[in-house]
Amino acid sequence: MKIFISADMEGISGVVSSSHTEPGNKEYDRMRLLMTKEVNAVIQAAFDFGATEVVVNDSHNNMDNILIEELDKRAVLISGSPKPLSMMEGIDESYKAVFFVGYHARAGTDNAIMDHTYTSKVMYAKINGREMSEAGLNGRLAGYYGVPVALITGDQNAVLCAKEELHRDIVGVVVKEAVGRYAARVFPFDIVKRKIEEGVKEALLKIDSFKPVKEEGPVELEVSFFRTVMADMTLLIPGTKKKDPRTVIYTAKDYLEAYKVFRAMLAISPGIN
């Protein structure tokens, strides 16, 4: 049983601020070690309860946060960026399920640690009219390959977003309780590890009950940006149309194309200044 893990950082148990998540800050190295420990807890539990192969894609910032020398030696790590499929690099039809580790809520969510959708440029991203978090966007790419999402870890609203956007039966592990954008009730790692073990066990015991979330036929991507100039630049992508001064729409032939166009929009739109 092959498991794919996409690991972000904002949803890791002890992480509460940008000083924890941005390379160069004094707290970053401590938190990347905690991220590695939390991913290890998921890997350990996955092997304990039936996994035969685990691949981890580092999915935060420059995507080189996880310490390979500290990572469980049974897992394969995909590290660095840019990657063609970004947070989902490595996904294909060979996996039994996807686990989202350290994920966060979509942009604009109340009481959610560092809520955003891929970058601070994005006000919202919609697929066929439904607003998405990274879990919803990435989970649909897994679904394109016929793979279901079985588990998500993060704060309570990261879990809620995944359940709303994918399916209610995803196993959600709340590793911290957000009380604002930069504050949360956090727990000792032993408690977090136990919660993760219980969540992974539940997910793998009912692994055959999970269904992939697929977007069939043409897919409408709608993205609203923080600045109008960001939307302007995405018009360089053929087929992109303006909905309003900072919102654009693109109709893709399938979800893979929509995902790639979304990534291209983020790449060519200028940063916030």
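Relevant structure appears above.
Described below are features of the structure shown in this document. (Residues numbered from 1 in each chain as written. Predicted model: local features only at pLDDT ≥ 70, side-chain atom pairs only at ≥ 80, totals over all residues. Heavy atoms only, no water.)

A few points about the side chain of glutamate 222
Logical step 1: Looking at where glutamate 222 falls in the secondary structure, it is placed in strand β10 (residues 219-225).
Logical step 2: A distance of 2.9 Å separates polar atoms of two side chains, one belonging to glutamate 222 and the other to lysine 243.
Logical step 3: Setting aside chain neighbours within four positions, we find glutamate 222 in contact with Tyr124, Ala125, Lys126, Lys243, Thr247, Val248 and Ile249. (Helix = DSSP H or I, 4+ residues; strand = E, 2+ residues; numbered from the N terminus. Polar contact = N/O pair within 3.5 Å; in protein donor to acceptor, adjacent residues only side chain to side chain. Contact = heavy atoms within 4.5 Å.)

Details of the side chain of histidine 116
Logical step 1: Looking at the element boundaries, histidine 116 is found in the loop between β4 (97-103) and β5 (122-127).
Logical step 2: Setting aside anything within four residues of it in sequence, one finds histidine 116 in contact with Glu10, His104, Ala105, Arg106, Ala107 and Glu134.

Remarks on the packing of helix α3 (residues 134-144) against helix α7 (residues 255-268)
Logical step 1: The interhelical angle for the contact between α3 and α7, taken along N-to-C directions, is 145°, at an axis separation of 9 Å. Crossing of α3 over α7 shows left-handed handedness. Every residue of α7 that contacts α3 at Gly136, Leu137, Asn138, Arg140, Leu141 and Tyr144 is listed here: Tyr255, Leu256, Tyr259 and Phe262.
Logical step 2: Partitioned by chemical class, the residues of the contact of α3 with α7 number seven nonpolar, two polar and one charged. (Axes fitted to C-alpha atoms, helices over the stretch in contact; angles between N-to-C directions. Left-handed = near helix turned anticlockwise from the far one by under 90°. Nonpolar A, V, L, I, M, F, W, Y, C, P; charged D, E, K, R; others polar.)

What to know about the sheet that holds β5
Logical step 1: Taken in spatial order, the five strands of this open sheet run β6-β5-β10-β12-β11, and their pairing is antiparallel. Strand pairing shows two members of the sheet lacking a second neighbour, β6 (130-131) and β11 (241-244), which therefore form its edges.
Logical step 2: Direction of pairing for β5 relative to β10: antiparallel, over a ladder of five bridges. Paired with tyrosine 124 across the strands is serine 224, a residue of β10.
Logical step 3: Along the sheet, α7 contacts β5, β10 and β12 (247-252); its crossing angle with β10, the most-contacted strand, is approximately 20°. (Pairing = 2+ DSSP bridges.)

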